[in-house]
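Results of the structural survey
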Amino acid sequence: LAKTTQPISMDSYEGQEVNITCSHNNIATNDYITWYQQFPSQGPRFIIQGYKTKVTNEVASLFIPADRKSSTLSLPRVSLSDTAVYYCLVGDRPRGFKTIFGAGTRLFVKA
Amino acid sequence: DAGVTQSPTHLIKTRGQQVTLRCSPKSGHDTVSWYQQALGQGPQFIFQYYEEEERQRGNFPDRFSGHQYPNYSSELNVNALLLGDSALYLCASSGRVTYEQYFGPGTRLTVT
């Protein structure tokens, strides 16, 4: 299983763009990169997933360099409601595999 | 389309008791994974069920057991509860070919 490393915490202000980088040096060929968001006392919520290059959806962008040893989650113009823990996961399909969560990155957005 | 549902929402038990938590997966999903999340930590993988069998297991003792029914719903059973079992228990479902998991709201278990 590919281990991931993320910053423990980050602070930002409302309206700023936030970039959270995740390192996954031993990512396997079949592995995808998935980011989840979690609010206190709630289950994690899927944000975005990608394999290579750039993926964008209505809430975030995911940048993956050619060597795939890292990835960056970009949240445009954050608001107070984006204060949460963000987890980077690397792995194959969940079915048949143990999903390993790290400690995540605690993002605190200030007014 | 209902997402992943879990019951109960909250539960208080005494040390030594047994508890059963329930999960219904998202429509179209056949795989259910259970996680334990202690306060301030990331979710820890307990085990995974599909085709009504336990397929993967994390580093949890045999006191933790489960079951999956033909309709893909699942139960997590914990016997001989310890204070350290107090946590948020999360259920996640996924499909045969999907890469993302959908999580339920969790069951908050407090052991006194």
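Residues numbered from 1 in each chain as written. Chains lettered and ligands numbered in written order. Predicted model: local features only at pLDDT ≥ 70, side-chain atom pairs only at ≥ 80, totals over all residues. Heavy atoms only, no water.

**Topic: the interface of chain A and chain B**
- In this assembly, 24 residues from chain A lie in contact with 29 residues from chain B.
- Across the chain A/chain B interface, buried area totals approximately 2200 Å², and carbon plus sulfur atoms make up 51% of it.
- The largest share of the area that chain A buries against chain B comes from Arg93, Pro94 and Arg95 of chain A, three residues that together contribute 32% of it.
- Counting the contacts that link chain A with chain B gives two salt bridges.
- Close ionic contact of Arg95 of chain A with Glu51 of chain B constitutes a salt bridge, the shortest N to O distance being 3.5 Å.
- Counting the contacts that link chain A with chain B gives 14 residue pairs in polar contact (both at pLDDT 80 or more).
- Of all the elements, strand β3 (residues 32–38) of chain A adds the most residues to the side of chain A that touches chain B, at four residues.
- For the side of chain A that touches chain B, the per-class residue count stands at eight nonpolar, eleven polar and five charged. (Contact = heavy atoms within 4.5 Å. Buried area = accessible area lost by both parts, 1.4 Å probe. Salt bridge = Lys/Arg side-chain N within 4 Å of Asp/Glu carboxyl O. Polar contact = N/O pair within 3.5 Å; in protein donor to acceptor, adjacent residues only side chain to side chain. Helix = DSSP H or I, 4+ residues; strand = E, 2+ residues; numbered from the N terminus. Nonpolar A, V, L, I, M, F, W, Y, C, P; charged D, E, K, R; others polar.)

**A closer look at the sheet that holds strand β4 (residues 45–50) of chain A**
Residues and elements named next belong to chain A.
- Strand order in the open sheet formed by five strands is β1-β9-β8-β3-β4, and the pairing between neighbours is mixed. Edge positions in the sheet fall to β1 (9–13) and β4, since each of these pairs with one other strand and no more. Sheet twist, expressed as the average angle between the axes of neighbouring strands with direction ignored, equals 25°.
- As paired strands, β1 and strand β9 (residues 105–110) are joined by five bridges and run parallel to one another. (Pairing = 2+ DSSP bridges. Axes fitted to C-alpha atoms, helices over the stretch in contact; angles between N-to-C directions.)

**Some remarks on the packing of aromatic side chains**
- For the structure on display, the rule yields twelve aromatic pairs over all chains.
- Between the aromatic rings of Tyr36 of chain A and Phe101 of chain A, the centroid separation amounts to 6.0 Å while the plane-to-plane angle is 50°, which identifies the pairing as tilted. With Tyr36 of chain A in strand β3 and Phe101 of chain A in the loop between β8 (84–91) and β9, the pair connects residues that are 65 residues apart, well separated along the chain. Comparing Tyr36 of chain A with Phe101 of chain A shows no difference in burial state: the two are buried.
- Cluster of aromatic residues (ring-pair linked, three or more members): Tyr36, Phe46, Tyr87 and Phe101 of chain A together with Tyr35, Phe45 and Phe103 of chain B.
- Positioned above the aromatic ring of Tyr102 of chain B, the side-chain terminus of Lys26 of chain B is 5.0 Å from the ring centre. (Phe/Tyr/Trp six-rings, centres within 6.5 Å; stacked < 30°, edge-to-face > 60°. Buried < 20%, exposed > 50% of the residue type's maximum accessible area, 1.4 Å probe, protein only. Lys NZ or Arg CZ within 6 Å of the ring centre and 35° of its normal.)

**Side note on the side chain of Gln49 of chain A**
- Here Gln49 of chain A lies in strand β4.
- Under the relative-accessibility criterion, Gln49 of chain A is labelled buried at 16%.
- Side chain to side chain, Gln49 of chain A and Thr34 of chain A meet in a polar contact 2.9 Å long.
- A polar contact of 3.3 Å, which involves the side chain of Gln49 of chain A, links it to the backbone oxygen of Tyr99 of chain B.
- When residues no more than four places from it in sequence are discounted, the contact partners of Gln49 of chain A are Tyr32, Ile33, Thr34, Val55 and Leu62 of chain A together with Tyr99 and Glu100 of chain B.

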